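Structural description and commentary
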Amino acid sequence: SWTDLTEPLHSRNFVWFSIAVGVSIFSTNVFAPFAAPYITSPEEIGAPNTWLGIMFVMSQMIWVGVVSQWGIIMDRFGRKPVVILGSLSALSWIGYFVLTPHNYVFVLPVIAIAGGLLAPGFGEGVNQMMLTLTPVKNRISYVSWYTTIVGVVSSGGSLLGGWLDDRFHGVHLHLIGPLRLGGIHLVLLLSLILVALSIVVLS
């Protein structure tokens with residue numbers, strides 16, 4: 001019925017939580033979709049496409065290995081602290097600031113491992129938090145609205161990141177020694193700032 005369909009929208013906590021999760025994913029989407037093209041672009045790092053698969057396998061195997069431990073931590077300390085800790089997985093992206101065509105075989109695995117260790121805390125934690133805000137009756141409607149709100153809010157992050165990447169393309173700022181900042185690093189920096197703000201919103 002229409003009443004069942006719109007019921008979740010009358011739950012203020014549920015709606016604001018869904019928006020907060022959407023804002024958090026928005027902040028990571030500013031950079032995340034553009035990491036793979038940066039890694040494989042001959043103009044940037046120039047790593048073979050195989051490295052994308054290697055990173056994915058490494059992070060997912062670690063995810064499988066640690067996700068149950070995150071569940072134990074959630075049971076002991078609560079879901080919100082785990083979500084906040086999981087949000088810090090974006091810190092693994094700091095490795096992109098020192099990534100070069102000469103060291104990617106060492107840096108990319110570290111990025112993948114760090115992300116695989118922390119990301120399950122966020123991914124599983126927000127789902128558990130969402131379920132605590134939904135009644136058993138009519139839960140399907142709540143889950144549907146949650147995925148809709150999160151998807152709509154977070155989708156703008158990719159648009160913003162792509163727009164910024166186009167604007168900053170070709171920018172190269174030379175810092176100390178071999179360290180330099182390209183356009184993608186400026187996008188990454190903004191994404192990390194937004195992640196920090198989203199952690200405040202989630203908390």
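Check the entry above for the structure.
Residues numbered from 1 in each chain as written. Predicted model: local features only at pLDDT ≥ 70, side-chain atom pairs only at ≥ 80, totals over all residues. Heavy atoms only, no water.

1. Examining the overall build of the protein
Broken down by element type, the protein carries eight helices and two strands. Starting at the N terminus and ending at the C terminus, the protein contains elements arranged as α-α-α-α-α-α-α-β-β-α. Projecting the C-alpha coordinates of the protein onto the three principal axes gives extents of approximately 60 × 35 × 30 Å. Burial status across the protein gives 40% buried among its 203 residues. (Helix = DSSP H or I, 4+ residues; strand = E, 2+ residues; numbered from the N terminus. Buried < 20%, exposed > 50% of the residue type's maximum accessible area, 1.4 Å probe, protein only.)

2. Some points on helix 5 (residues 79–87)
Here helix 5 has its buried residues at Val82, Val83, Ile84, Gly86 and Ser87. Next to the buried residues of helix 5 lie helix 2 (12–29), helix 4 (50–77), helix 6 (104–132) and helix 8 (183–202). (Contact = heavy atoms within 4.5 Å.)

3. Description of the packing of helix 4 against helix 5
In the contact formed by helix 4 and helix 5, the axes pass within 7 Å of each other and the chain directions differ by 135°. Between helix 4 and helix 5, the interaxial angle falls into the category oblique. Contact residues: helix 4 offers Trp70, Ile73, Met74 and Phe77, while helix 5 offers Arg79, Pro81, Val82 and Leu85. Of the residues in the contact of helix 4 with helix 5, the class split is seven nonpolar, no polar and one charged. (Axes fitted to C-alpha atoms, helices over the stretch in contact; angles between N-to-C directions. Parallel < 35°, antiparallel > 145°, perpendicular 65-115°, else oblique. Nonpolar A, V, L, I, M, F, W, Y, C, P; charged D, E, K, R; others polar.)

4. Observations regarding the packing of aromatic side chains
Throughout the structure, instances matching the rule amount to five aromatic pairs. Ring geometry for Phe14 versus Tyr142: centroids 5.0 Å apart, planes at 80°, classification edge-to-face. Of the two residues, Phe14 is situated in helix 2 and Tyr142 in helix 7 (residues 139–168); the sequence distance between them amounts to 128 residues. Like Tyr142, Phe14 is buried. An aromatic cluster is present here, built from Phe31, Trp93 and Tyr96 joined pairwise through their rings. (Phe/Tyr/Trp six-rings, centres within 6.5 Å; stacked < 30°, edge-to-face > 60°.)

5. As for the pattern of salt bridges
One pass over the full model with this rule turns up one salt bridge. Salt-bridge contacts for Lys137 lead to Asp4; the nearest nitrogen and oxygen are separated by 3.9 Å. Of this pair, Lys137 sits in the loop between helix 6 and helix 7 while Asp4 sits in helix 1 (residues 2–6), and the two are 133 residues apart along the sequence. Relative accessible area serves as the criterion here: at 59%, Lys137 is assigned to the exposed category. (Salt bridge = Lys/Arg side-chain N within 4 Å of Asp/Glu carboxyl O.)

6. Re the layout of surface pockets
Here the largest pocket is characterised by a volume of approximately 810 Å³. Put simply, the parts of the chain that give the lining of the largest pocket at least two residues each are helix 2, helix 3 (35–40), helix 4, helix 5 and helix 6. Sort the elements by how many residues they give to the lining of the largest pocket and helix 6 lands first, with seven residues. Residue composition of the lining of the largest pocket, grouped by class: 19 nonpolar, twelve polar and no charged. Estimated volume of the second largest pocket: approximately 230 Å³. Lining the second largest pocket are 15 residues, and of these Tyr38, Glu44, Asp165, His169 and Ile184 lie nearest its centre. Among the elements of the structure, helix 3, helix 7 and helix 8 are those that each provide at least two residues to the lining of the second largest pocket. Looking at the lining of the second largest pocket residue by residue, the classes come out as six nonpolar, six polar and three charged. (1 Å grid on protein atoms, 1.4 Å probe; cavity = no way out; pocket = protein on both sides within 12 Å on 5 of 7 lines; lining within 4 Å. Points joined across faces, edges and corners; volume = space filled by probe spheres on them.)

7. Some points on the nonpolar core
Counting residues in hydrophobic clusters, the biggest one holds 40 residues, and the most contacted among them are Val21, Tyr96, Leu99, Leu108 and Tyr146. For this core, the secondary-structure elements that each account for two or more residues are helix 2, helix 3, helix 4, helix 5, helix 6, helix 7 and helix 8. If we skip the residues at most four places from it in the chain, Tyr96 touches Phe31, Ala35, Tyr38, Ile39, Met55, Leu108, Ile111, His185 and Leu188. (Core = buried A, V, L, I, M, F, W, Y, C linked by side-chain atoms within 4.5 Å.)

8. Re the environment of Ile19
With respect to the helices, strands and loops of the structure, Ile19 is situated in helix 2. Each C-alpha atom of the pair Ile19 and Leu188 lies 22 Å from the other, and the pair is 169 residues apart in sequence.

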